[in-house]
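# Understanding the architecture of this molecule
If you want the building blocks of each chain, they are given just below.
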Amino acid sequence: MTANPHAEHLQELLEGLNEPQREAVTHGEGPLLILAGAGSGKTRVLTHRLAFLVYTDQAQAGEILAITFTNKAAGEMRSRVERLLGRSTRGMWLMTFHAACARILRAEAPRLGYTRQFTIYDQADARRLTKRCMDEVGVDPKRYTPAAIHNQISSAKNRLLDAESYGQQVGAPFEEMVAEVYRLYERDLLRMNAMDFDDLLLRTVNLLELFGAVRESYSATFRHVLVDEYQDTNHAQYRLLQLLVGGGRAPARGEPVHTPGHRNLAVVGDDAQSIYGFRNADIRNILDFQDDFPDARVVKLEQNYRSTETILSAANAVIANNRGGIAKRLWSELGAGEPIRVQALDDEHAEARFVVGEIERLVEEGASRTEIAVLYRTNAMSRVLEDTLVRREIAYQVIGGTKFYERAEIKDAIAYLSWLANPFDVVSFTRIVNSPRRGIGQTSLSRIVSHSATVGVSVWEAAAEPEQIPGLGAAAVKALRRFMGTMEELREHVEQNIPVGDLLEAVLAQAGYVEALEAERTIEAQGRVENLQQLVEVAREFDAGADAEADTLDLFLQQVALIADADTRSDDEGLVTLMTLHNAKGLEYPTVFITGCEDGVFPHSRALDEGGLEEERRLFYVGVTRAMRQLYLTYARRRAIFGAQAYGLPSRFLSEIPAELTDGGVDGGGLDGRPAGVGIDGRPLPASVDGYPISARDSRVRARVRARTPPFANTSSSRGGGGDNGWAAAARASAERGGAGPGLPAESFRLGEDVLHAAFGEGVVTGVEPGGVIVVRFAGDGSERKLMAEYAPVSRR
DNA sequence: ATCCTGATTTTTTTT
DNA sequence: AAATCAGGAT
């Protein structure tokens, strides 16, 4: 090899990397497994490796496929690589699996019987379609929810089982029924020229399996494939990689497939952070990588640059309770730092007040709000926190939750565009035909749709000739004709390929959508109009960056469909960040609160039912390792769930943390004399963490920003959020008792025993479960409830 | 076809 | 506690 003209840059590129990091970055051809512990500089290795490949001419930008878990991560990585390279990464495929598949399918769709304009259905669309198919099969909707059925279908698709093979493989009546629905669901999707999220993966695999030449072409194009968060890939994604790079183990069934290929696959992941099993991620993909590629180079990144030793020790201690996994020993040089603060509170309101109080204190001491994150297990838990933050006038943002693109008006607007692009798209048609109200109700709608299916034409064609539709009333015919007149006009705009922003405005105006909202004259409707204006803005931005060439509408729709968290600003505005633990993956904050550390909440009871304790523990591990300097773990003794009060015990994960790492706030541990929040050593903490800027989310994150001016800051009375009635007091008494003396251990209850509850009255014990839970059926309303025996106000009678 | 109301359900986690 | 849904009244 001749002297590299970029030698200087190369030097620079490798500077500041530790030994294993450098090994991973400079690895040449062949399979590479990077086991990257939390905070070990994984993103750094990935970006540097990408730059390295380009610098050393091992690959052109266009010959690299780099897969990330989210759009946001892709965007961040792209800008970091560009900074390293000092030039654009145009041509590099740096995106999520779904986006890459959508792009491939956009080009190759006709081979699979779709047009290039196929619509991508999100989960809500998919569920709606599932429900329709369930109705058609005659499934009792009381017994099974569309969500449950669709989950089954989704899981089948992720295992690459089509409706037929799924049907052959299953035996139970429930599964037979699912298979039936699955068949119709597939038929409808194809008919509508639409794909759901899972199809993007599945159909791409189909494409590459069916057309050898296509596979070879993509395989040759992507000379290097890199995958981030490999521990969270599912089987379809696994198979896709196999097809692209060659090698890998045989598919689940059928004969081994020895796909030839370059095998230049580099994967990065951490089995301890696998938290998407519920989405069919298969942790075996990373555990078995060395079996798939026996000659793989394996690099372990074990030095943590993020957290204090205290935080890291806690994380290690907790994760040690999981069986199996790949041995790693994470270490840090950042010193012990502050102890972990564990705090018990009476209820979720007190918890929120505590968290917000601490935030106020930290900010007063000079911390920036952007350095603080509050994490919780479920989205619903953000509400109380938000209320409290608003009351104290602290600016915050919520990541995830109700997403911009899930709002009804946004989905309506997108549906208009989708139907204009894809006249077969029944789901979109169904959504918009009577929105705003045009007098075309359920009955007429069914007639139109079934007519189109019977005759075998698109819904568009069917709707365009209303008088041909049997049974359609005169009023409906008239309304439909008027509607279609508008749509035909808009369709002409599409054919002229006008900018999407203009098209969208025309749609909203001519369809009478904005007009109808304004007629409502409510604040809510005004907000919807504003959201729509924001969407028009998004479209205009898209237009500005798009090629003037054709297909702009299709590309826009594709992009929008795959944005899970879009929207705008977030950083440097002084916002505290709230999000679920899942959303926190890959992020870091100097101060982190993990709220709701109660058994049943976290670990979540539903996850426990499904044997997902280890995954919950990994999620806890992810949460803990987000913290750089200070970690708070809070739990509430009492919490409203579905509006009813429930009593909780501290999360079992709390007891898995060695006591010497905490300030001793766990119930039962009692006070240890040290004032809360005061460090053992009192030493100042490092102000910044070595080379790693204090990062929050990058600016492409979608965020709901609320910083309203409330009428009042909190009143001095801290009696709590209302409801201080008799039995709440009784509950508190009971909860306090739990800390000191033995309450009533669950084991002391017998099945069939009569009990009396302070609020629910008389009942009978129908079950005793592990974790101190008893199940009681109450005479009053016949309800069956799970209670924490030690805390619930129950007594024998 | 639309509106109203009471009943039921919802809270895992997300590309 | 809130949101969605079904069924019935208008």
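To start, this report covers the structure provided alongside it.

Quick look at the overall build of chain A now. When helices and strands are counted, chain A shows 30 helices and 23 strands. When burial is assessed residue by residue, chain A has 54% of its 797 residues classed as buried. In chain A, the share of contacts with a sequence separation of at least 24, taken over all contacts with a separation of at least 6, comes to 75%.

Let us look at the nonpolar core. Formed by 79 residues in total, the largest nonpolar core has its most connected members in Leu417, Trp419, Phe429, Leu480, Phe483 and Met487. When near neighbours in sequence (up to four residues on either side) are disregarded, Met487 contacts Tyr416, Trp419, Leu420, Ile432 and Trp460. Grouped together as the second largest cluster of nonpolar side chains are 64 residues, Leu312, Ala584, Tyr621 and Leu654 included.

Scanning the model with the defined rule gives 47 salt bridges in all. For Asp135, the salt bridge goes to Lys131, with nearest N and O atoms at 3.8 Å. With a gap of four residues between them, Asp135 and Lys131 both fall in helix H6 (residues 123–137), about one helical turn apart. The salt bridge partner of Arg329 is Glu302, with a shortest N-O separation of 3.8 Å. Linking Arg329 in the loop between helix H15 (309–319) and strand S10 (331–332) with Glu302 in the loop between strand S8 (297–301) and strand S9 (303–304), this pair joins segments that are 27 residues apart in sequence. Relative accessible area serves as the criterion here: at 58%, Arg329 is assigned to the exposed category. Owing to a relative accessible area of 15%, Glu302 belongs among the buried residues under this scheme. Through salt bridges that share partners, Lys42, Asp228, Glu229, Asp232 and Lys585 make up one connected network.

Moving on, we get to the pairing of strand S14 (residues 576–580). Burial analysis of S14 places five of its five residues in the buried class, which makes it a mostly covered element. Residues Val576, Leu578 and Thr580 line one face of S14 and the alternating positions Thr577 and Met579 line the opposite face, and both faces are buried. Where strand S12 (residues 372–376) lies against S14, four bridges are found, and the strand directions are parallel. Of the residues in S14, the one forming a bridge with Leu375 is Met579. In this structure, strand S13 (residues 396–398) lies alongside S14, joined through three bridges in parallel fashion. Following the sheet pairing, Tyr396 is matched in S14 by Val576.

Given a rise of 1.5 Å per residue, 14 residues ought to cover 20 Å, and the 20 Å separating the end C-alpha atoms of helix H20 (residues 442–455) matches this to within 8%. Turning to H20, its buried residues are Ser444, Leu445, Ile448, Val449, His451 and Ser452. The arc that holds the buried residues of H20, viewed along the axis, is 155°, so those residues lie on one side. What points out from H20, more than 90 degrees from its buried face, is the exposed set Gln442, Thr443 and Thr454.

The subject of this paragraph is empty space enclosed by the protein. Considering all chains together, one arrives at four cavities of 30 Å³ or more under this definition. Its boundaries defined by the atoms lining it, the largest cavity holds a volume of some 50 Å³. Lining the largest cavity are Leu65, Ile67, Trp93, Phe97, Ala100, Cys101, Ile104, Phe222, Leu240 and Leu244. Elements that contribute at least two residues to the lining of the largest cavity include exactly strand S2 (64–68), helix H5 (97–108) and helix H12 (235–245). For the lining of the largest cavity, the element with the most residues is H5, which contributes four residues. In terms of residue class, the lining of the largest cavity is built from ten nonpolar, no polar and no charged.

It is worth spelling out the side chain of Glu615 at this point. Along the chain, Glu615 falls in helix H28 (residues 613–624). Residues within four places of Glu615 in sequence aside, it is in contact with Ser274, Ile275, Tyr276, Gly277 and Phe278.

Turning next to the packing of H15 against H28. Relative to each other, H15 and H28 sit at 175°, their axes nearing to 9 Å. Between H15 and H28, the angle falls in the class roughly antiparallel. Contacts from Ile311, Ala315, Asn316, Val318 and Ile319 of H15 reach H28 at Arg617, Arg618, Phe620, Tyr621 and Val624. Considered class by class, the residues forming the contact of H15 with H28 number seven nonpolar, one polar and two charged.

To continue, consider the packing of aromatic side chains. This structure, assessed with the given rule, holds 19 aromatic pairs. Between the aromatic rings of Tyr166 and Tyr182, the centroid separation amounts to 6.1 Å while the plane-to-plane angle is 70°, which identifies the pairing as edge-to-face. With Tyr166 in helix H8 (residues 163–169) and Tyr182 in helix H9 (residues 173–191), this pair connects stretches of sequence that are 16 residues apart. Assessed through its relative accessible area of 2%, Tyr166 is described here as buried. Arranged with centres 5.5 Å apart and planes meeting at 40°, the rings of Tyr276 and Phe278 form a pair that is tilted. Residue Phe278 is classed as exposed on the basis of its relative accessible area, which comes to 56%. Here the aromatic residues Trp419, Phe429, Trp460 and Phe483 are joined through ring pairs into a cluster of three or more.

Among the secondary structure elements, Tyr621 is positioned in helix H28. With relative accessibility at 3%, the residue Tyr621 sits in the buried group. Tyr621 sits 304 residues away from Ala317 along the chain, and the two C-alpha atoms are 9.5 Å apart. Excluding anything up to four places from it in sequence, Tyr621 contacts Ala38, Asp270, Ala272, Gln273, Ala315, Asn316, Ile319 and Leu330.

With that out of the way, let us pick up the sheet that holds strand S6 (residues 224–227). A sheet is described by the order of its strands in space; here six strands give the open sequence S3-S2-S6-S7-S1-S8, paired in parallel fashion. The two strands at the open ends of the sheet, each matched to only one other strand, are strand S3 (93–96) and S8. Going from strand to strand, the sheet's axes swing by 15° on average, the running direction of each strand aside. Relative to strand S7 (residues 265–269), strand S1 (residues 32–36) runs parallel, the two sharing four bridges. Across the sheet, Leu32 pairs through a bridge with Ala266, a residue of S7. Packed on one face of the sheet, helix H4 (residues 71–85) meets S2 and S3 and runs near 155° to S3. This element, H12, spans S2, S6 and S7 of the sheet and lies at about 160° to S6.

Parameters at a glance
- Just so you know, the residues in each chain are numbered from 1, in the order the chain's sequence is written.
- Key to labels: chains lettered from A, ligands numbered from 1, both in the order written.
- Reporting of local features is limited, given that this is a predicted model, to residues whose pLDDT is at least 70; pairs of side-chain atoms are given and counted only at 80 or more, and all residues count toward the totals for whole chains, interfaces and linings.
- Hydrogens and waters are ignored; side-chain quantities use all the structure's heavy atoms.
- Counting from the N terminus, the helices are DSSP H or I runs at least four residues long and the strands are E runs at least two residues long.
- Buried means the residue's accessible area, taken with a 1.4 Å probe over protein chains only, is under 20% of the maximum for its type, while exposed means over 50%, and partly exposed covers the values in between.
- For this analysis, residues touch if any pair of their heavy atoms sits within 4.5 Å.
- By convention a nonpolar core is built from buried Ala, Val, Leu, Ile, Met, Phe, Trp, Tyr and Cys residues, the set being connected through side-chain atoms within 4.5 Å.
- By salt bridge we mean one thing: a side-chain nitrogen of Lys or Arg within 4 Å of a carboxyl oxygen of Asp or Glu.
- Two strands make a pair as long as DSSP finds a minimum of two bridges between them.
- Here a helix's expected span is defined as the number of its residues, less one, multiplied by 1.5 Å.
- The directions considered for the arc run from the helix axis to the C-beta atoms.
- Throughout, the protein atoms alone are placed on a 1 Å grid, and a set of points is a cavity if a 1.4 Å probe fits but cannot get out or a pocket if it is open with protein on both sides within 12 Å along at least five of seven lines; lining residues have an atom within 4 Å of a point.
- Grid points are joined across faces, edges and corners, and a volume is the space filled by probe spheres set on the points.
- Gly falls in the polar group here, along with every residue not listed as nonpolar (Ala, Val, Leu, Ile, Met, Phe, Trp, Tyr, Cys, Pro) or charged (Asp, Glu, Lys, Arg).
- To obtain each axis, a line is fitted to C-alpha atoms, and for helices this fit is confined to the stretch in contact; angles are then taken between N-to-C directions over 0 to 180 degrees.
- If an angle is under 35 degrees, it is roughly parallel; if it is over 145, roughly antiparallel; if it lies from 65 to 115, roughly perpendicular; otherwise it is oblique.
- Within 6.5 Å between ring centres, the rings of Phe, Tyr and Trp (the latter by its six-membered ring) count as paired, and their orientation is classed by plane angle as stacked under 30 degrees, edge-to-face over 60, tilted in between.

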